[in-house]
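# Architecture at a glance
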Amino acid sequence: MNKQIILKNRPEGLPDENTWELQNNVIPEPKEGEVLIQHHYISLDPAMRGWMREGKSYIEPVELDDVMRAGSIGKVIKSNNHPKFKEGDFLKGTGGVQQYTVTNGENWYPVDPSLAPLPMYIGTLGMPGMTAYFGILEVGKIKEGDTVLVSGAAGAVGSIVGQIAKIKGCRVIGIAGGTEKCKYIKEVLGFDGAIDYKSEEIYDAIKRECPKGIDVYFDNVGGEILDAALSRLRMHARIVICGAISQYNNMNDVKGPKNYLSLLVNRATMQGMVVMDYAKDYGKAAKEMGGWLAQGKLKSKEDVYEGIENFHDTFLRLFSGDKMGKLVLKVIEE
């Protein structure tokens, strides 16, 4: 049987136990030109919260009674005359929160488990890593000597953003929640400074760590932290709007920035980015990041939990902050 997580209700606020339903359905058979993939790991990302919401966005919402959308990686266990993929191949794509999926192979990509652990292909070498790479290099346009401030700095995207900025010769300050995460980004990832938003006054802490102001702010959280960063911009600063996890479960209106006139005063720019816009260059990015990993310049951390039955509790770790690095759910039963 194929265990699947089905979207049953559109949540208001934090998703609860009624948002999804665990179902057991028959494993599908691949038609001519299709493959059957057994998922090993599912990627859990903040973007999934937006996919449950009705309304216009960069991607269609997940329909009620459909399998919850998610990135995934697994092994081809049956191929029905597929022109490219054969049994035994490992592929990554968007297979959803389920143990098996059938596909014609469109938007699925082969990976080599001998070169990197499978979870890394949906983390540093997957969507989060690509988001960090193109967000900080193409949108942030960092240059050597810049002061770069990153929120969500111990997370899947923020941790890679900060490391890339260090590789490129920037001074990097990370904002994270709690002593352990702040210690991690400084001592393990090599950030120049850390701000604990849970125990510090954010405006004062940014002023302390960025005394000459901010050249690039990479925003993963929105809300008050975005507002505080706006107050410390340097001339021609760039702000990358990647996410706003502090606002995703709001029951009221989204809290927008009050300090936006700082953009005018400092001739700064604030630009949103969606990683799919850079799909044609994923290969280039993966090659460069793979080189950094091999050289030890870039560190990858995956926080792996087990059991598709534990999807709801594991998903909530995205919003409680009770995780480090890339959040991954192992769904294969061994």
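What comes next is a walk through the structure. Residue numbers run consecutively from 1 along every chain, following the written order of its sequence. Reporting in this predicted model follows two pLDDT cut-offs: at least 70 for local features of residues, and 80 or more for side-chain atom pairs to be given and counted; totals over whole chains, interfaces and linings ignore these cut-offs and use all residues. Excluded from the side-chain calculations are hydrogens and water; all other atoms, namely the structure's heavy atoms, are used.

This part is about empty space enclosed by the protein. Buriedness of a pocket was judged along seven lines, with at least five required to meet protein on both sides within 12 Å; pockets are open sets of points on a 1 Å grid over the protein atoms alone, cavities are sets where a 1.4 Å probe fits but cannot get out, and lining residues have an atom within 4 Å of a point. Grid points are joined across faces, edges and corners, and a volume is the space filled by probe spheres set on the points. Using the criterion set out here, one finds one cavity of 30 Å³ or more in the structure. Of the volumes computed, that of the largest cavity is approximately 40 Å³. Lining the largest cavity we find G123, T124, G155, A156, S159, I160, S300, K301, E302 and K326. Looking at the lining of the largest cavity residue by residue, the class counts come to two nonpolar, five polar and three charged. Amino acids are sorted into nonpolar (Ala, Val, Leu, Ile, Met, Phe, Trp, Tyr, Cys and Pro), charged (Asp, Glu, Lys and Arg) and polar (every other residue, Gly among them).

A word on the packing of aromatic side chains. Two rings from Phe, Tyr or Trp (for Trp, the six-membered ring) form a pair when their centres sit within 6.5 Å of each other. Planes less than 30 degrees apart are called stacked, planes more than 60 degrees apart edge-to-face, and all others tilted. Tallying each qualifying case throughout the model produces eight aromatic pairs. Ring centres of F134 and Y278 lie 5.0 Å apart, and the angle between their planes is 10°; on these two criteria the pair is classed as stacked. Of this pair, F134 sits in helix α2 (residues 127-139) while Y278 sits in the loop between β13 (269-272) and α8 (282-295), and the two are 144 residues apart along the sequence. Considering the side-chain rings of F134 and Y282, the 6.3 Å spacing of their centres and the 40° angle between planes classify their relative orientation as tilted. Taken together, the residues F134 in helix α2 and Y282 in helix α8 connect sequence positions 148 residues apart. Among the aromatic residues, ring-to-ring pairing joins Y133, F134, Y278, Y282 and W292 into one connected group. Sitting above the plane of the W51 ring, R69 keeps its charged end 5.3 Å from the centroid. Helix and strand assignments come from DSSP, with helices taken as H or I runs of at least 4 residues and strands as E runs of at least 2, each series counted from the N terminus. The rule is short: NZ of Lys or CZ of Arg within 6 Å of the ring centre and within 35 degrees of the ring normal puts a charge over the ring.

Another point: a nonpolar patch on the surface. Within this analysis, patches are made of residues with over 30% relative accessible area and no salt bridge. Like charges are joined at 9 Å or less; nonpolar side chains (Val, Leu, Ile, Met, Phe, Trp, Tyr) at 5 Å or less. The Shrake-Rupley method, run with a 1.4 Å probe, gives the accessible areas here. Residue values count only the displayed protein chains as cover. Any Lys or Arg side-chain nitrogen located within 4 Å of an Asp or Glu carboxyl oxygen qualifies as a salt bridge. A contiguous nonpolar surface patch, about 440 Å² in accessible area, is contributed by Y260, L261, L264 and V265. Within the fold, V265 resides in helix α7 (residues 261-265). Relative accessibility under 20% of the residue-type maximum defines a buried residue, over 50% an exposed one, and the middle range a partly exposed one, all with a 1.4 Å probe and only protein chains included. Accessibility expressed as a relative area gives 49% for V265, which makes it partly exposed.

By volume, the second largest pocket is sized at about 210 Å³. Lining the second largest pocket, in full, are P110, V111, D112, L115, A116, M120, Y121, L125, A286, G290, L293 and A294. Of all the secondary structure elements, the ones that give two or more residues to the lining of the second largest pocket are β7 (109-111) and α8. In terms of residue count, the dominant contributor to the lining of the second largest pocket is α8 (four residues). For the lining of the second largest pocket, a count of residues per class yields ten nonpolar, one polar and one charged.

Before going further, it helps to examine the pairing of strand β5 (residues 90-93). Look at any regular strand and the pattern is simple: side chains alternate between the two faces of the sheet. Residue alternation in β5 divides its side chains into two sets, F90 and K92 and L91 and G93, and both sets are buried. Pairing analysis gives four bridges linking strand β4 (residues 72-80) to β5, with the strands arranged antiparallel. Its bridge partner being in β5, G74 is matched across the sheet by L91. Judged from the three bridges that link them, β5 and β7 form a sheet pairing that is antiparallel. Directly across from L91, in β7, lies its bridge partner P110. For two strands to pair, DSSP has to find at least two bridges joining them.

Okay, the packing of α2 against α8 next. Where helices are involved, their axes are fitted lines through C-alpha atoms of the stretch in contact, as for all axes, and angles between N-to-C directions lie from 0 to 180°. For the pair α2 and α8, the least separation of the axes is 10 Å and the interaxial angle reads 95°. When the axes of α2 and α8 are compared, the pair comes out roughly perpendicular. Residues G129, M130, Y133, F134 and E138 of α2 form the contact with α8, whose own contacting residues are Y282, K284, A285, A286, E288, M289 and W292. Across the contact of α2 with α8, the residue classes break down as eight nonpolar, one polar and three charged. Roughly parallel here means an angle under 35 degrees, roughly antiparallel means over 145, roughly perpendicular means 65 to 115, and every remaining angle is called oblique. Any two residues whose heavy atoms approach within 4.5 Å at even a single point are treated as in contact.

Treat this as a map of the structure, not an account of what it does.
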